[in-house]
Amino acid sequence: MGKTKHSGRIKLPGKPDPKLWVSRMPFGLGRIKPHHIRDTLKVAWENRDNLPYAARILTQGVCDGCALGVSGLYDQTLEGPHLCTTRLNVLRLNTMPAIRPDMLHADIDELRKLDSAQLRKLGRLPYPLMRGKGERRFRRVGWDEALQTIAGKIRAIDPKQLAFYLTARGITNESYYAAAKVARFIGTNNIDNASRICHSPSKTALKRSVGIGASSCTYKDWIGTDVLVFWGSVAANNQPVSTKYMYAAKRKGTKIIVINPYREPAMDGYWIPSIPESALFGTKLADDFYQVHIGGDIAFMHGVMKSWFEMETEAPGSAVNHAFIKAHVNGYEELKAHVLQQDWQELERSSGLSQARMREFAELLAEAKSAVFVWSMGLTQHRFGTDNISQVANLALLRGFLGREHCGLMPIRGHSGVQGSGEMGADPFSLPGGEFKGDDIARIEREWGFELPKWQGDIVGVSLENALLPDDHERKLKVFYTSGGNFLETMPEPDFVRSCLEQVDIRVHQDIVLNTSTLVDAREAVIVLPAMTRYEQPGGGTSTSTERMVYFSPEIEGPRMPEARAEWSIYAELAALVRPDSASVLGLTDAAGIRQEIARAAPNYDGIQHLHAKGDVFQWGNAWLCEDGICPTPDGRGRLIPVELPERRKPEGHFYATTRRGKQFNSMIYGSHDPFNAADRYDVLLHATDAAKLGIADGDALVVYNQFGTFHGRAKTAEVAPGNVELYWPEGNMLFPKGVYEAFAGIPEYNTAVVVEKAETYHALKDTRYVEKRVAELEMETLG
């Protein structure tokens, strides 16, 4: 994959640079910004009953927050300690005591009065629970009863009526691998993971464009690259330690560009708490923002490439790296013809940016000798997400920004464990070390010693919808086994998702805490299994970072939930109960043995078997995938892919809508106010000119609606691209359509068209044909 080894940590500059300061007022007094010292003290207070254990987790364990990959307090990018509020906010999940019995066994309606944040604060799950049809309370059960009930039901149904799902909540590679193996051992290919609703288009697009399914570069490549582009990614908010890398990059002269509908305050300027200069005066991160329309990225990138081809006409070699293309890339002439036929007026309408602005960005990249493109869910969570990422790959291939220092393609992960999920085979389209097809199936059958089911498994959204099929349908979902996750707060149209969950015969929630989905009824029973955290897992565990670093996180001495079990061991015991006559071939007896298996089953992970102590780490694929332009494709070449401009028309007066994250870690919300813009979670962000046209003032009650749902909130003017609105996730999820999945990767659609009105206008006219007419206009359009 690559021959150059990661070169190790680098030092930050010692002298301050006032040119990068946000303000000369110490600590950003008077500004809207996170209060890191206050938040850290708050976390210390919350963990006061277990401070020594909390300290050991922070100093010995691998971060179970984002996927930057911090082991103890150190990473592989910069010297010095790293600690962020995301990791601190997750910390209490590992140190809190068990839920009090009076709350755990309260009437189900009393528990349903609590939201997920309140349920989480009740404490850890102490022992297995079951609630049968018509029962008002969870009752305590033993592990034998719980697992025998699940196994008995699985034996009684068609394997196609069983589905597994794993979130990325601190889950280790060992657990993903065990789940992937157990699912196929039991006979089902319906197994999916959290990347389905975040980065599945990244893997799909990178595979077809350059033959890889992960970041091609490292965080070190940010530092000193000519241009660092964040595309639909708010790394300062979601991966706070990354602000140190951005600081280091700025000190090396790197230009940072953000392409996003909202001028994100966290990317404009940030007070980095572990860098004294920045903690005092802040750091200007972004050099420029290109505020595209929601879903306008493909048009914008067409405009950039069209500018390059026009520049080539004016001065050959001024924009395109012809030597790189000749040696390493297919499809140049086809892409060029496709791009040149694009109409500038249409590109401007679709992108929301002028031709001049697109040309400006094109010239910036044309003059750059190196660039790294970083993206996240702003590009992936569309019904054309794979095409979005292929467009980014097109830009990199045309300029040769691949396979060398300070260049690359990076889908930055939000969860510490999710990169390894598909690589371990916990995916309907994947197996350990390969795809669910042909030679890889035969290879894994030889390794595992049993035959795999050959039918194509469903993505998790389809599995949920299958709960509504007739009872005699071969794919009617009857057992849904989910390790973490809360689909009421992650999927579009939550009421529809609730109806699906209620129609499953037996739902199994393997988790460390309760959430709102755990409390939904099932047709026969809801079973809750208490899992260990990664720090409790006997024999330790591993996780894979965004930059393909595989870290070992040791078992850490501390208090335990007496009946909690390692997730991989629960899967193994269940499988042995379902197929006792064949259990001897399963293996999965200890964590070290699982790592030995992974090394054989997933060749890129050869080396994981040697990880056994704190600080152990290796990087699969080495520093750069596609090194020297050689891609792991059949012919060793990258592929330029002509991408069609998505249809995004909307009626006059309507808005494009999407969601953003606030004070939260994925769907785990830690506060009601966004520390970067002071917005409430029910605020609707819109541009001042749009608000003025509608007669809306800050704080006005609003109704945002379409044919899918209705959202009640308040107006907050912000630097959002005109014609667009942003709401918080998951609060705004009722506005997005159910059952709309990206064609190649299966990610749900999280963008739509909406009507925005003052609440008084909406309610005054709701009994007339007015609202129905406005919704009917939306139904006439196709929107991405």
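Our structure's up above, just so we're on the same page.
Keep in mind the model is a prediction, meaning the values are calculated, not measured. (Residues numbered from 1 in each chain as written. Predicted model: local features only at pLDDT ≥ 70, side-chain atom pairs only at ≥ 80, totals over all residues. Heavy atoms only, no water.)

As for the overall build of the protein
Move 1: From N to C terminus, the protein includes 29 helices and 29 strands.
Move 2: Taking 2.2 N^0.38 as the reference for a compact globule, 784 residues should give roughly 28 Å; the C-alpha atoms of the protein span a radius of gyration of 25 Å, in line with that estimate.
Move 3: C-alpha atoms of the protein, sized along the principal axes, occupy 75 × 70 × 55 Å.
Move 4: Put simply, of all contacts in the protein between residues at least 6 apart along the chain, 78% involve residues at least 24 apart.
Move 5: Only carbon and sulfur atoms are counted for the fraction: they give 52% of the accessible area of the protein, which is about 27,400 Å².
Move 6: The positive charge centre, built from 92 side chains, and the negative charge centre, built from 96, are 4 Å apart in the protein. (Helix = DSSP H or I, 4+ residues; strand = E, 2+ residues; numbered from the N terminus. Rg over C-alpha atoms; globule rule 2.2 N^0.38 Å. Contact = heavy atoms within 4.5 Å. Areas by Shrake-Rupley, 256 points an atom, 1.4 Å probe, with all protein chains shown as cover. Lys, Arg positive; Asp, Glu negative; His and termini not counted. Charge placed at Lys NZ, Arg CZ, Asp CG, Glu CD.)

Overview of the state of the cysteines
Chemically, a disulfide is nothing more than a covalent bond linking the sulfur atoms of two cysteines.
Move 1: Scanning the entire structure with this criterion turns up zero disulfides.
Move 2: For the unlinked cysteine Cys-217, the closest cysteine sulfur is that of Cys-407, found at 8.5 Å.
Move 3: Free cysteine: Cys-631, not disulfide-bonded; nearest cysteine sulfur from Cys-626 at 3.7 Å. (Disulfide = S-S within 2.5 Å.)

Some words on the side chain of Ser-242
Move 1: You can see Ser-242 is positioned in helix H11 (residues 242-251).
Move 2: The exposure class assigned to Ser-242 is buried, which follows from its relative accessible area of 0%. (Buried < 20%, exposed > 50% of the residue type's maximum accessible area, 1.4 Å probe, protein only.)

Concerning the pairing of strand E27 (residues 710-717)
Across a regular strand the side chains alternate sides, sitting on one face of the sheet and then on the other.
Move 1: Sheet analysis places strand E25 (residues 683-686) next to E27, joined by four bridges and oriented parallel. What sits directly across from Leu-686, in E27, is Thr-717.
Move 2: As paired elements, strand E26 (residues 701-705) and E27 share five bridges and run antiparallel to each other. Each bridged residue has a counterpart across the sheet, and for Val-704 the counterpart in E27 is Phe-711.
Move 3: Taking the residues that link successive antiparallel strands as the turn, the E26-E27 hairpin has four residues. (Pairing = 2+ DSSP bridges.)

As for the packing of helix H1 (residues 36-46) against helix H3 (residues 85-95)
Move 1: Here H1 crosses H3 at 15°, and the two axes come no closer than 9 Å. By the criterion of interaxial angle, the relationship of H1 to H3 is roughly parallel. Pair H1 / H3 crosses with left-handed handedness. Facing H1, whose interface residues are His-36, Asp-39, Thr-40, Val-43 and Glu-46, H3 presents Thr-85, Leu-88, Asn-89, Leu-91 and Arg-92.
Move 2: A per-class count over the contact of H1 with H3 returns three nonpolar, four polar and three charged. (Axes fitted to C-alpha atoms, helices over the stretch in contact; angles between N-to-C directions. Parallel < 35°, antiparallel > 145°, perpendicular 65-115°, else oblique. Left-handed = near helix turned anticlockwise from the far one by under 90°. Nonpolar A, V, L, I, M, F, W, Y, C, P; charged D, E, K, R; others polar.)

Quick notes on the environment of Gly-723
Move 1: When you line up the elements, Gly-723 lands in the loop between E27 and strand E28 (724-728).
Move 2: Linking Gly-723 and Pro-642, residues 81 residues apart in sequence, is a C-alpha distance of 28 Å.
Move 3: In contact with Gly-723, other than residues within four places in its own chain, are Lys-650, His-654, Phe-655, Tyr-656 and Asp-690.

Thoughts on the side chain of Ser-483
Move 1: The topology assignment puts Ser-483 in strand E15 (residues 479-483).
Move 2: If we ignore the near neighbours within four places in the chain, the residues touching Ser-483 are Tyr-165, Leu-166, Thr-167, Arg-169, Ile-171, Gln-510, Glu-567 and Tyr-571.

Some details on the sheet that holds strand E20 (residues 617-619)
Move 1: One open sheet holds the three strands; their spatial order is E18-E19-E20, and the pairing between them is antiparallel. Of all the strands in the sheet, the pair left with one neighbour each is strand E18 (541-544) and E20. Looking at each pair of strands side by side, their axes are set apart by 20° on average, direction ignored.
Move 2: The pairing of strand E19 (residues 549-553) with E20 spans three bridges and is antiparallel. Residue pairing in the sheet places Met-549 in a bridge with Gln-619 of E20.
Move 3: Packed onto the sheet, helix H8 (residues 173-186) meets E18 and E19 and runs at close to 90° relative to E18.

What about the environment of Met-130?
Move 1: For Met-130, the position within the fold is in strand E1 (residues 129-132).
Move 2: In this structure Met-130 comes out as buried when scored by relative accessible area, which is 5%.
Move 3: Residues Met-130 and Ala-179, 49 residues apart in the sequence, show an inter-C-alpha distance of 22 Å.
Move 4: Look past the residues within four positions of Met-130 in its chain and what remains in contact with it is Glu-135, Arg-137, Phe-138, Arg-139, Val-141, Glu-145, Ala-146, Thr-149, Ala-525, Val-526 and Ile-527.

As for helix H16 (residues 332-340)
Move 1: Along H16, the residues classified as buried are Tyr-332, Leu-335, His-338 and Val-339. Along the long axis of H16, the arc covered by the buried residues comes to 135°, so they all point the same way. Turned more than 90 degrees away from the buried face of H16, the exposed residues are Glu-333 and Glu-334.
Move 2: Buried residues along H16 sit against helix H14 (297-314), helix H15 (322-328), strand E10 (329-330) and helix H20 (385-399). (Arc of directions from axis to C-beta.)

Looking at unusual backbone geometry
The phi torsion of most residues other than glycine is negative, and most of the peptide bonds are trans.
Move 1: Here Trp-729 and Pro-730 are connected by a cis peptide whose omega angle stands at 15°.
Move 2: The topology assignment puts Pro-730 in the loop between E28 and strand E29 (752-758).
Move 3: One non-glycine residue, Cys-626, lies in positive phi territory at about 60°.
Move 4: Tracing the chain through its elements places Cys-626 in the loop between E20 and strand E21 (638-639).
Move 5: Its identity as a non-glycine residue notwithstanding, Asp-628 has a phi of 60°, on the positive side.
Move 6: Assessed through its relative accessible area of 44%, Asp-628 is described here as partly exposed.

Some words on the pattern of salt bridges
Move 1: For the coordinates displayed, the defined rule picks out 47 salt bridges.
Move 2: Between Arg-357 and Asp-288 there is a salt bridge, with the nearest N and O atoms lying 3.0 Å from each other. Residue Arg-357 is located in helix H18 (residues 355-367), and its partner Asp-288 is located in strand E9 (residues 288-290); the two are separated by 69 residues in the primary sequence.
Move 3: A residue is classified by how much of its surface remains accessible, and Arg-357, at 22% relative accessible area, is partly exposed.
Move 4: You can call Asp-288 partly exposed: its relative accessible area is 23%.
Move 5: The salt bridge partner of Arg-560 is Glu-555, with a shortest N-O separation of 3.7 Å.
Move 6: One continuous salt-bridge network, built from bridges that share partners, spans Asp-107, Asp-109, Arg-112, Arg-131, Arg-136 and Asp-521. (Salt bridge = Lys/Arg side-chain N within 4 Å of Asp/Glu carboxyl O.)

Some words on the nonpolar core
Note on soluble globular proteins: their nonpolar side chains tend to be buried together.
Move 1: Among the nonpolar cores identified, the biggest contains 143 residues, and Trp-231, Trp-308 and Phe-361 are the most heavily contacted of them.
Move 2: Trp-231 has contacts with Ile-259, Asp-297, Phe-300, Met-301, Phe-361, Val-374, Trp-375, Ser-376, Leu-379, Val-392 and Leu-395, leaving out every residue within four places of it along the chain.
Move 3: Residues Tyr-219, Ala-236, Ala-248 and Val-258 belong to the second largest nonpolar core, which totals 35 residues. (Core = buried A, V, L, I, M, F, W, Y, C linked by side-chain atoms within 4.5 Å.)

Quick look at the sheet that holds strand E22 (residues 655-660)
Move 1: Reading around the barrel, the six strands line up as E22-E28-E25-E27-E26-E29 and close back on themselves, with mixed pairing between neighbours. This sheet shows a mean twist of 45° between the axes of neighbouring strands, independent of strand direction.

Some thoughts on H14
Move 1: Taking 1.5 Å of rise per residue, 18 residues should cover 26 Å, and H14 covers 26 Å from first to last C-alpha, within 8% of that figure.
Move 2: Most of H14 is tucked away: 15 of the 18 residues are buried. (Expected span 1.5 Å × (residues − 1).)

With respect to the packing of aromatic side chains
Move 1: Scanning the entire structure with this criterion turns up 25 aromatic pairs.
Move 2: With a centroid separation of 6.1 Å and an interplanar angle of 85°, the aromatic rings of Trp-231 and Phe-361 are classed as edge-to-face. Here Phe-361 lies in helix H18 and Trp-231 lies in strand E5 (residues 227-231), a separation of 130 residues in the sequence.
Move 3: Here the aromatic residues Trp-231, Tyr-290, Phe-300, Phe-361, Phe-373 and Phe-401 are joined through ring pairs into a cluster of three or more.
Move 4: For Arg-357, the ring lying beneath its charged end belongs to Tyr-290, and the centroid distance is 3.9 Å. (Phe/Tyr/Trp six-rings, centres within 6.5 Å; stacked < 30°, edge-to-face > 60°. Lys NZ or Arg CZ within 6 Å of the ring centre and 35° of its normal.)

Focus: the packing of helix H2 (residues 51-60) against H3
Move 1: At a closest axis distance of 10 Å, the pairing of H2 and H3 adopts a crossing angle of 125°. Compared by their axis directions, H2 and H3 come out oblique. Both H2 and H3 take part in a crossing whose hand is right-handed. Note on element contacts: H3 touches H2 through Arg-87, Leu-88, Leu-91, Asn-94 and Thr-95, opposite Tyr-53, Ala-54, Ile-57 and Leu-58.
Move 2: Across the contact of H2 with H3, the residue classes break down as six nonpolar, two polar and one charged.

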